[in-house]
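What follows is each chain in one-letter form.
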Amino acid sequence: MTHTKIEIGAAFVRDLLRDQHPDLADRPLRLGARGWDNQLWRLGDDLAVRLPWATQSADALLLKEHTWLPALAPRLPLPVPVPQRLGEPSALFPRPWIVTTWVPGDPADRAPVTRAAEAADVLAAFLTALHQPAPDEAPAGRFGRGGSLAGCSEGFTKQLASATELGLIPDPDAVRAVWEDAAAAPGWAGPALWLHSDLHPANILTADGTFCGVIDFGDLCAGDPACDLAAAWNLLPDGTADRFHAAYQPAPDAATLRRARGWAALRALSGILIGEAGVRGRPGGKPTWGPPAHAALRRLTATAHR
């Protein structure tokens, strides 16, 4: 993470708005969140300003959302942050930024699902709607997302070793078995589908015990739907994966579910390490990521692949 040297505060964000979108500059403004890539400032009741601040890649991710999400959003059954305005690099701020719609709700890492069956149906409907064939010019995934698990084997091995050395993995052999089975599954033979590709608990919102919105489409890409179907283990409570798979259309085949389990294991390991870093007060750590990631890994290692 390489935080921008510019001090971003409410007065600074208001200056940016006055410079490029003056009709929005007098709305109430308050900090919403400081995320992995961007800061989020709530603008009035229905808008938000997102500015890159912590990674060099954030600029491209915001521009990707601005390009693709307005066309995808109307077919999605959950609210998503739809870009409304683009902020150009300027003397005030040398990076692009966007104004999006505000999506109400609480991140699932802080407010977990309690209405499990309904959440499974909602998530399945969302991914059924999103997972449609993408055009040839659709972006490729970062970090191998949407592609073959083989490209992530080195990262999986390193993360498993790190988490095991920290005493965070009760049965590393069981985790390794999930991964090896997933990596051995036949690859995706269908068309490249639109994917969110970053469905961890901090990127999906809840209200009244179920999912109410999906955020952060910076990793939007095209590829194998198994990458997103990992959410059955990463986002849903125990005992709901089967309901999710029954509701998702078209029904995933056995090979796709095996690959999805591998993606879920990889995402869980990442969440466990980020959560532990947060507990230890290290930069980039998020303590709320640990509990749902541990729960996901328990689910994965407790059940044989289907």
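This write-up is about the structure you can find in this document. Owing to the predicted nature of the structure, the values given are computational and were not obtained by experimental measurement. (Residues numbered from 1 in each chain as written. Predicted model: local features only at pLDDT ≥ 70, side-chain atom pairs only at ≥ 80, totals over all residues. Heavy atoms only, no water.)

Attention shifts here to the overall build of the chain. Looking only at helices and strands, one finds 10 helices and 10 strands in the chain. Over its C-alpha atoms the chain spans a radius of gyration of 19 Å, differing by no more than 12% from the 19 Å that the globule rule assigns to 306 residues. When the backbone C-alpha atoms are referred to their principal axes, the chain occupies close to 55 × 40 × 35 Å. Counting across all 306 residues of the chain, residues that qualify as buried make up 54%. Look at the contacts in the chain between residues 6 or more apart in sequence, and 70% of them connect residues 24 or more apart. Just so you have it, the chain exposes about 13300 Å², and 55% of that area is on carbon and sulfur atoms. For the chain, the centre of its 29 positive side-chain charges and the centre of its 33 negative side-chain charges are spaced 3 Å apart. (Helix = DSSP H or I, 4+ residues; strand = E, 2+ residues; numbered from the N terminus. Rg over C-alpha atoms; globule rule 2.2 N^0.38 Å. Buried < 20%, exposed > 50% of the residue type's maximum accessible area, 1.4 Å probe, protein only. Contact = heavy atoms within 4.5 Å. Areas by Shrake-Rupley, 256 points an atom, 1.4 Å probe, with all protein chains shown as cover. Lys, Arg positive; Asp, Glu negative; His and termini not counted. Charge placed at Lys NZ, Arg CZ, Asp CG, Glu CD.)

The next subject is the sheet that holds strand β5 (residues 97-101). If you walk across this open sheet you meet the five strands as β1-β2-β3-β5-β4, and the pairing is antiparallel. Pairing within the sheet leaves two strands with one partner each, and these edge strands are β1 (29-34) and β4 (83-87). Going from strand to strand, the sheet's axes swing by 25° on average, the running direction of each strand aside. In this structure, β4 lies alongside β5, joined through four bridges in antiparallel fashion. Bridged to Pro-83 within β5 is Thr-100. Running at roughly 100° to strand β3 (residues 47-52), helix α1 (residues 10-20) makes contact with β1, β2 (38-43), β3, β4 and β5 of the sheet. (Pairing = 2+ DSSP bridges. Axes fitted to C-alpha atoms, helices over the stretch in contact; angles between N-to-C directions.)

Locating Gln-39 in the fold gives a position in strand β2. One polar contact links Gln-39 to Trp-41, side chain to side chain, over a distance of 3.0 Å. (Polar contact = N/O pair within 3.5 Å; in protein donor to acceptor, adjacent residues only side chain to side chain.)

Once that is clear, we can look at the sheet that holds strand β6 (residues 106-107). Spatial strand order, β6-β8-β9: three strands in an open sheet with antiparallel pairing. Where the open sheet ends on each side, the last strands, each with one partner, are β6 and β9 (210-214). Across two bridges, β6 lies against strand β8 (residues 204-207) in antiparallel orientation. From the neighbouring strand, Pro-107 faces β8, where its bridge partner is Leu-205.

By secondary structure assignment, the location of Thr-256 is in helix α9 (residues 254-279). What makes Thr-256 buried here is its relative accessible area of 3%. Within polar-contact distance, the side chain of Thr-256 engages the side chain of Arg-259 at 3.0 Å. Here Thr-256 is in contact with Trp-188, Ala-226 and Leu-229, once residues within four sequence places are set aside.

For the rest of this paragraph, the subject is the pairing of β8. A regular strand places its side chains on the two faces of the sheet in alternate fashion. Examined bridge by bridge, β8 and β9 share four bridges and lie antiparallel to one another. Looking at β9, one finds that Ala-207 is bridged to Thr-210. What sits between β8 and β9 in their antiparallel hairpin is a turn of two residues, with Asp-208 showing a positive phi close to 55°.

With that out of the way, let us pick up unusual backbone geometry. In this chain, Gln-249 is followed by Pro-250 through a cis amide linkage whose omega measures -5°. Relative to the assigned elements, Pro-250 resides in the loop between α8 (241-247) and α9.

Before going further, it helps to examine the nonpolar core. Soluble globular proteins tend to bury their nonpolar side chains together. Val-80, Leu-123, Phe-126, Leu-127, Phe-211, Phe-244 and Leu-297 are the most contacted members of the largest nonpolar core, which has 66 residues in total. Here this core gets nine residues from one element, more than from any other, and that element is helix α3 (residues 116-130). Apart from the residues within four sequence positions on either side, Phe-126 is in contact with Leu-76, Pro-77, Leu-78, Val-80, Val-214 and Phe-217. By size, the runner-up hydrophobic cluster in this structure holds 18 residues, among which are Leu-47, Leu-51, Phe-93 and Trp-97. (Core = buried A, V, L, I, M, F, W, Y, C linked by side-chain atoms within 4.5 Å.)

Two side chains carrying opposite charge are able to pair once their charged atoms lie near each other. Going through the model one piece at a time under the given rule, you end up with 18 salt bridges. Between Arg-95 and Asp-59 there is a salt bridge, with its nearest N and O atoms 2.4 Å apart. One end of the pair, Arg-95, is in the loop between β4 and β5; the other, Asp-59, is in helix α2 (residues 58-72), and 36 residues separate them in sequence. Neither residue differs from the other here; Arg-95 and Asp-59 are each classed as buried. Taken together, the salt bridges that share partners define one network made up of Arg-142, Arg-145, Asp-198 and Asp-219. (Salt bridge = Lys/Arg side-chain N within 4 Å of Asp/Glu carboxyl O.)

Read these as spatial facts, not as claims about activity.
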